[in-house]
Amino acid sequence: MRGREIIVWRFPRRSWTAFESAALPVLVQVDFEVFGDLQGVNFIQCAREVAERLGVRGWIKMSFYGTAMGQIQGEKERVDEMALWLRHTGCPRSRIHFVDFQNWRVTDGFEYRKFNARV
């Protein structure tokens with residue numbers, strides 16, 4: 001095999017976290033439903049403000065049963081922060097009993113331009 005060489009690429013020894021931090025952010029999407037005392041405390045408006053501050057996208061609406069339901073998209077760390085806000089903090093006068101997160105998945109891109117309130 002004259003004239004042909006096999007080149008083996010060797011990477012310097014680093015931890016995987018070094019490669020992950022240099023990579024593009026992971027975009028995730030999750031559906032949620034918040035159960036508790038949410039009516040009459042501007043929960044939707046508070047959620048929109050927090051979502052805009054965190055830079056996540058998606059939607060939220062009040063259901064017929066008095067729960068808030070919606071979808072969040074964004075970088076994993078920011079979606080996790082929004083999920084923690086929904087579960088533990090909420091609007092100042094709201095009382096959150098339980099939050100159901102479903103369909104956690106990694107996504108290739110965004111479906112929404114911003115975080116909207118639906119009717």
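All figures in this text were calculated on a predicted structure; none of them were measured in a lab.

So, how was this worked out
- Residues numbered from 1 in each chain as written.
- Predicted model: local features only at pLDDT ≥ 70, side-chain atom pairs only at ≥ 80, totals over all residues.
- Heavy atoms only, no water.
- Helix = DSSP H or I, 4+ residues; strand = E, 2+ residues; numbered from the N terminus.
- Expected span 1.5 Å × (residues − 1).
- Buried < 20%, exposed > 50% of the residue type's maximum accessible area, 1.4 Å probe, protein only.
- Arc of directions from axis to C-beta.
- Contact = heavy atoms within 4.5 Å.
- Salt bridge = Lys/Arg side-chain N within 4 Å of Asp/Glu carboxyl O.
- Pairing = 2+ DSSP bridges.

**Student:** Describe helix H3 (residues 76-89), listing the residues and the values that go with them.
**Tutor:** Helical geometry note: an α-helix holds 3.6 residues per turn, so side chains three or four residues apart project in the same direction. The terminal C-alpha atoms of H3, which comprises 14 residues, lie 19 Å apart, in line with the 20 Å expected from a rise of 1.5 Å per residue. Restricting attention to buried positions, one finds in H3 the residues Val79, Met82, Ala83, Trp85 and Leu86. For H3, the angular spread of buried residues about the axis comes to 155°, placing them on one side. In H3, those exposed residues whose orientation departs by more than 90 degrees from the buried face are Glu77, His88 and Thr89. The elements touched by buried residues of H3 are strand S1 (27-37), helix H2 (43-54), strand S3 (68-75), strand S4 (95-106) and strand S5 (115-117).

**Student:** Outline unusual backbone geometry, supporting the account with residue identities and numerical values.
**Tutor:** With a phi angle near 60°, asparagine 103 is a residue other than glycine that sits in the positive phi range. As for its placement among the helices and strands, asparagine 103 is situated in strand S4. Note on asparagine 103: relative accessible area 45%, which makes it partly exposed.

**Student:** Before we move on, can you summarise the pattern of salt bridges with the specific residues and values?
**Tutor:** Scanning the model with the defined rule gives four salt bridges in all. A salt bridge links glutamate 52 to arginine 48, with the nearest nitrogen and oxygen atoms 3.8 Å apart. A residue pair is termed a helical-turn pair when its members lie 3 or 4 positions apart in one helix, as glutamate 52 and arginine 48 do in helix H2 at four residues. Note that lysine 76 is salt-bridged to aspartate 80, the shortest N-O span being 2.9 Å. Of the two residues, lysine 76 and aspartate 80 both sit in helix H3, four residues apart, roughly one turn of that helix. Among the residues examined, aspartate 80 registers a relative accessible area of 26% and is labelled partly exposed.

**Student:** Break down the pairing of S1 for me, with residues and values.
**Tutor:** Along a regular strand, successive side chains alternate from one face of the sheet to the other. In terms of strand pairing, S1 meets S3 through eight bridges, oriented antiparallel. Looking at S3, one finds that glutamate 33 is bridged to methionine 69.

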